[in-house]
Amino acid sequence: MKNTLSSLGFNAVMSASAFALTMGMAATASAQVTTSEVQGYVTNTNGNPIPGASVTLTNNATGLSRSLTTDSVGAFAARNLPVGGTYNVTVSADNYTGERVEDISLSLGGSANLNFALEGGSVTDEIIVVAQRNVLAEVAVGPSANFGLDTIQSAPAINRNITDILRLDPRIYVDESRGDINAVQCAGQSSRFNSLTLDGVRMNDSFGLNSNGYPTERQPFSFDAIEQVSVELAPFDVEYGGFTACQINAVTKSGTNEIHGGAFIDYTDDGLRGDRVGDRDVEFGDFDEIRYGFNVGGPIIKDKLFFFTSYEKLEGANLYNEQPIGNGAFQITQSQLDDIINIAQTQYQYDPGTLPISNPNEDEKILAKLDWNITDNHRASFVYNYNDGFNTVRSDGDSTEVEFSNHLYERGSKLNSYTGSLYSDWTENFSTELRFNYLDLDARANPIGGTDFGEFRVSVGDVDVYLGADDSRHANVLEYEVTTMAAKADYIMGNHTFSGGIEREELDVFNLFVQHTETEIRFDGIENFRNGFADAIYYNNAPSNNPADAAAVWGYATNTIYGQDEYDFQNGLKVVAGLRYDFYTTDDAPEENADFVADYGFSNSTNLDGEGLLQPRLGFTYDASSELQLFGGAGLYSGGNPNVWLSNNFSANNVLQFGQRGRSFGYTDGSRSLFDADVVYSGVEDGAPAGPGYGIPSELFDAVASGVGDNFEINYLDPDFDIPSEWKAAAGFTWSPSFDTGEDLFGGLWTFTADAQYSRSNNQAIVLRADLEAVGTTADGYTDYDSVREPAFVLTNADEEANSYAFSLGLNRQWENHAITAGYAYTDANDIQPMTSSVAFSNYVNRAFDDPQEQVASTSNYNIKHRFTASYRYEKEFIADYASKAFVFFQHSSGRPYSRTISGNSAFNFTPFLEGNNVLVPGTERNEFTGPSWTKVDLKFTQELPGLRADDRATVFMVIDNVTNMINSDWGQLDQPSFPRGLLVGQPFSTSNDASAYEVRFGATYDF
């Protein structure tokens, strides 16, 4: 006899919803992986274990089958299960009535707890239990969120980026102020300290230049290729590593026994953008942007070999309309700009271009995947990923800076990644996983106007005007390779699950970064620009005059070994404890500088070889009842420190390259004009005028050629440098009560979540001047410094610690055809230095301080103190079989922290040299103030339509980003302090027109 039950007949952990914020749900699971697992107990109705029961799991999409037998305590566990498709789970035992659970969808990195209580009877009496889809949404122990395919497809993801999904969680702030960058800030930390894995392999910005955390300009894989994505802020599983902010984990789709796929296209243009922000008209220029792509998967050999592939292309535009042109304070007039253009063309024979409004960009992605079910117990996969794209970007785009179009540059990269994985279940108790990945990245940074003319900066009042090639792009090439090998094993012994693994990640870098190879010349005022009187001249190069000779070629390997034990007390309590050890090996070291050794008494050629860090972790979950689950834990984490900080030590050593200043030859004291007859220009390209910008004053050129430098700070790694890390502790709960109120609105199943997290920095990486010694106090009360050794920046560890706190709440409720989620997060994040940049000098000066050498814990640049999020989803078939859907997303965020500052050089008399306004107004603290808050609403409408075949579906959709601005131009406006978050008294906030003005996209999909 078969009985069909309409509800679950067993104890299972249920997810809040397919698109809910599953905060803090936790059973220990594999980390940074592509798989899931199912585990549980088989007992009789009295709770006594049933040893020897048969458990069979079958993937309905691929036919993969796994057969298990319960042990002496009735336990079973199936690991290395692919998350794609749904599963049926069948349990049978002699003298008991069997049960079957159908259509279970597993979650990325999840651990499904399915406990069966069998009734006495014959083995032929099978009960069919019809399960709800997506019943599991667990990740590792700790604060986390998991998002399934339904959310990915339904949310208003206007950027087709997983960041559009991650921002649904109130603890995850996405910086939408900078176009396509969309940096992910977890619990008040920089995106540089995140880690992203795709199919279990890190796909980070391994060098550390990109604010988005990706190795490429945009998400390096197709949006339609993603099956699930999760984010974890403090996972207490020791397999997690390489981050101190958060771990973002995505897994791609796989082919099945049926051919399925789809295609999409969407479109926007200047007519679909808002044209007013607040009381100002905004102009995005004429542009259009189209995205299109397809994906398809299916069988090559039924039940054995499957393929999946996806393709996506963007043909779009970068927009610029936030330059400070006007008649007010901190602005420049159009007539002044016209004067600068005329001087450049007539005096310097250079056309700087126009004021940019928009420029084209492109992006192309290809993903191909093979899955091979070798046997029911052995499975392999191969993934190839390609991405090539570029943006046309501003170099100096702060609220008091103006750039002409030839100062912009094309920033792009090409990525190729190859990943092979092997999953094996050798016995019911022993399983392994092997993985190999090779990633190659070629980055490019090409000035729009070429590099035959250097960078000019003309200061007009409080505004700086830039023309010529950006000084940091004169000689800038980056190539790197990452090779990763990993092996992991799990062994179940009674109530213990032992896990262990080893990993090795090798990084090889070619980094050419030499600033000012075509000179950077600064002018104080338009008249000085007209007459050729420079305020500063910078020139850097290799002595050979070939910048490639100053390239940094280096690398290192990160080696990891870890082990842990998860113990199930069989009373709802599980405890996991483990150790992770990371250590670094390398044969590469910076070139030794003899002058440095003479001054400091040790070598500048230090590296990370032999450095290591032991990271203990401890966590627990406790199912206090069928409605309430608790979790908690603590651990040490390391990783995410940009490698560009290390690369500076290989290139900026006054051995491979040298710098010279115009002040050393009388060019900046007003006595010499760049047009004087005795000024000779060297290094002029064929056919170019022999004059400033096109050539280098011969005195500077000859000095560098002879290996003589001036005011060029050496970069080095502190010989006592320790690996930076962060302690994290967290606790929380998930409560899923079902209220019996007699009505539907407030009655039924609700899910409430809460978690709290504490973090403490340990040996945070900072940059200090190594040559300074305090010699007294200035008349204004500032420390008086003297440079007593070879000028140098040291990458070192902070002596102080910074504490951070975070707290969040969430709720979810589903009804028959609509659902809501809501969340709130409070964050108080602190750091010693914000470390915002890739260059040591910029890291040192782009912050606010009383003393540039101080180490003071202050509010992080990335802290968003309060954040509220909510979503509402509605679905109804107004036309039979064709759903109409709406997804509305609301967010309200506190403003950016900032400081009130004054000029650094005026306070410290140029020792050290402190470019910009970075000294705190007396009596204030770094980031003491908070900018305006930001509130906006996004929405997506989707309508299903008939396809060409009965089971096919076409859809049309519309996404509106910032519908609040569409309703009222005063709403949805994002104002914030400009970089580096220090404002002069009276300096206004910068408005991000791109984030503030609404955008509409229309599109269509076809799925088969």
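Heads up: the structure comes first, above all this text.
Treat the numbers as computed from the prediction; the structure is a model and nothing was measured.

Rules used in this analysis
- Residues numbered from 1 in each chain as written.
- Predicted model: local features only at pLDDT ≥ 70, side-chain atom pairs only at ≥ 80, totals over all residues.
- Heavy atoms only, no water.
- Disulfide = S-S within 2.5 Å.
- Helix = DSSP H or I, 4+ residues; strand = E, 2+ residues; numbered from the N terminus.
- Buried < 20%, exposed > 50% of the residue type's maximum accessible area, 1.4 Å probe, protein only.
- Pairing = 2+ DSSP bridges.
- Axes fitted to C-alpha atoms, helices over the stretch in contact; angles between N-to-C directions.
- Contact = heavy atoms within 4.5 Å.
- Salt bridge = Lys/Arg side-chain N within 4 Å of Asp/Glu carboxyl O.
- Polar contact = N/O pair within 3.5 Å; in protein donor to acceptor, adjacent residues only side chain to side chain.
- Expected span 1.5 Å × (residues − 1).
- Core = buried A, V, L, I, M, F, W, Y, C linked by side-chain atoms within 4.5 Å.
- Phe/Tyr/Trp six-rings, centres within 6.5 Å; stacked < 30°, edge-to-face > 60°.
- Lys NZ or Arg CZ within 6 Å of the ring centre and 35° of its normal.

**What about the state of the cysteines?**
This model, assessed by the stated rule, comprises one disulfide. Two residues share a disulfide in this structure: Cys 186 and Cys 246, whose sulfurs sit 2.0 Å from each other. Placement of the pair is Cys 186 in strand E13 (residues 183-186) and Cys 246 in the loop between strand E16 (226-232) and strand E17 (247-252), with a sequence separation of 60 residues. Residue classification places Cys 186 among the buried residues on the basis of a relative accessible area of 0%. Judged by its relative accessible area of 0%, Cys 246 falls in the buried class.

**A word on the sheet that holds strand E48 (residues 792-797)**
Sheet strands pair via backbone hydrogen bonds, and the direction of the pair is either parallel or antiparallel. Spatially, the three strands line up as an open sheet ordered E41-E48-E45, and their pairing is mixed. Bordering the open sheet on either side are strand E41 (714-717) and strand E45 (765-769), each of which pairs with just one other strand. Taking the axes of each pair of neighbouring strands and ignoring which way they run, one obtains an average angle of 25° across the sheet. Examined bridge by bridge, E45 and E48 share five bridges and lie antiparallel to one another. By the bridge assignment for E48, Leu 768 is matched with Val 794. Contacts between helix H6 (residues 644-651) and the sheet are confined to E41, E45 and E48, with E41 contributing the most and set at about 125° to the helix.

**Here's the deal with unusual backbone geometry**
In this structure, the amide linkage connecting Thr 911 to the following residue, Pro 912, adopts the cis form with an omega of 0°. You can see Pro 912 is positioned in the loop between helix H9 (904-908) and strand E56 (919-920). Residue Pro 980 is bonded to the preceding Phe 979 through a cis peptide linkage, with omega at 5°. Along the chain, the position of Pro 980 falls in the loop between strand E60 (975-976) and strand E61 (982-983). A positive phi angle, near 50°, is found at Asn 182, a position not held by glycine. Within the secondary structure, Asn 182 sits in the loop between strand E12 (172-175) and E13. Judged by relative accessible area, Asn 182 falls into the buried class, the value being 2%. Its identity as a non-glycine residue notwithstanding, Met 835 has a phi of 50°, on the positive side. Within the secondary structure layout, Met 835 lies in the loop between strand E51 (830-831) and helix H8 (840-845).

**As for the pattern of salt bridges**
Counting across every chain of the model gives 55 salt bridges. The partner of Arg 276 in a salt bridge is Asp 281, with the nearest N and O atoms 2.6 Å apart. Of the residues examined, Asp 281 reaches a relative accessible area of 61% and is grouped as exposed. Linked through salt bridges whose partners overlap, the residues forming this network are Asp 266, Arg 273, Glu 289, Arg 291, Asp 994, Glu 999 and Arg 1001.

**Things to note about the pairing of strand E11 (residues 144-147)**
Across the two faces of E11 the burial is the same, with Ser 144 and Asn 146 and Ala 145 and Phe 147 all buried. Here E11 pairs with E16 via four bridges, running antiparallel. Bridge pairing links Phe 147 to Val 229 in E16.

**Points about the side chain of Glu 403**
With respect to the helices and strands, Glu 403 occurs in strand E25 (residues 401-403). Looking at Glu 403, its side chain comes within polar contact range of the main-chain nitrogen of Asp 396, at 3.1 Å. The contact partners of Glu 403, leaving out residues within four places of it in the chain, are Gln 323, Leu 355, Pro 356, Arg 394, Ser 395, Asp 396, Gly 397, Leu 408 and Tyr 466.

**With respect to helix H3 (residues 334-347)**
In this model H3 runs 20 Å from its N-terminal to its C-terminal C-alpha over 14 residues, within 8% of the 20 Å that 1.5 Å per residue would give. Of the surrounding elements, those touching the buried residues of H3 are E25, strand E28 (455-460), strand E29 (463-467) and helix H4 (526-531). Immediately beyond the C-terminal end of H3, within one or two residues, lies Gln 349, with a positive phi of roughly 55°.

**Observations regarding the environment of Ser 647**
Structurally, Ser 647 is set in helix H6. Overall, the relative accessible area of 0% leaves Ser 647 in the buried class. Each C-alpha atom, one on Ser 647 and one on Val 553, is 8.6 Å from the other, the two residues being 94 residues apart in sequence. Once you skip the residues sitting within four places of it in the chain, Ser 647 turns out to touch Phe 207, Asn 511, Ala 552 and Trp 554. Polar side-chain contacts of Ser 647 include one of 3.1 Å to the side chain of Trp 554.

**Notes on the nonpolar core**
Side chains of nonpolar character tend, in soluble globular proteins, to be buried together. Ranked by internal contacts, the top residues of the largest apolar core, which has 77 residues, are Ile 165, Val 229, Ile 248, Tyr 480 and Leu 795. Excluding its chain neighbours within four sequence positions, the residues that come into contact with Ile 248 are Ile 162, Leu 166, Val 184, Ser 195, Leu 196, Thr 197, Val 229, Ser 230 and Val 231. In terms of nonpolar packing, the next biggest core, distinct from the first, is built from 34 residues, Ile 341, Tyr 667, Leu 700 and Val 704 among them.

**Quick look at the packing of aromatic side chains**
Evaluated as defined, the whole model comprises 42 aromatic pairs. Summarising the aromatic geometry, the rings of Tyr 556 and Tyr 584 are spaced 5.8 Å apart at their centres and angled 50° between planes, so their arrangement reads as tilted. Taken as a pair, Tyr 556 in strand E34 (residues 552-568) and Tyr 584 in strand E35 (residues 573-585) lie far apart in primary sequence, 28 residues in all. For Tyr 584, a relative accessible area of 12% puts it in the buried group. Ring centres of Trp 735 and Phe 739 lie 6.2 Å apart, and the angle between their planes is 85°; on these two criteria the pair is classed as edge-to-face. The exposure class assigned to Trp 735 is partly exposed, which follows from its relative accessible area of 34%. Members of the aromatic cluster, joined through ring pairs, are Tyr 348, Tyr 350, Phe 453, Phe 456, Phe 523, Phe 529, Phe 675 and Tyr 694. Its end group placed over the ring of Tyr 667, Arg 672 keeps NZ or CZ at 4.2 Å from the ring centre.

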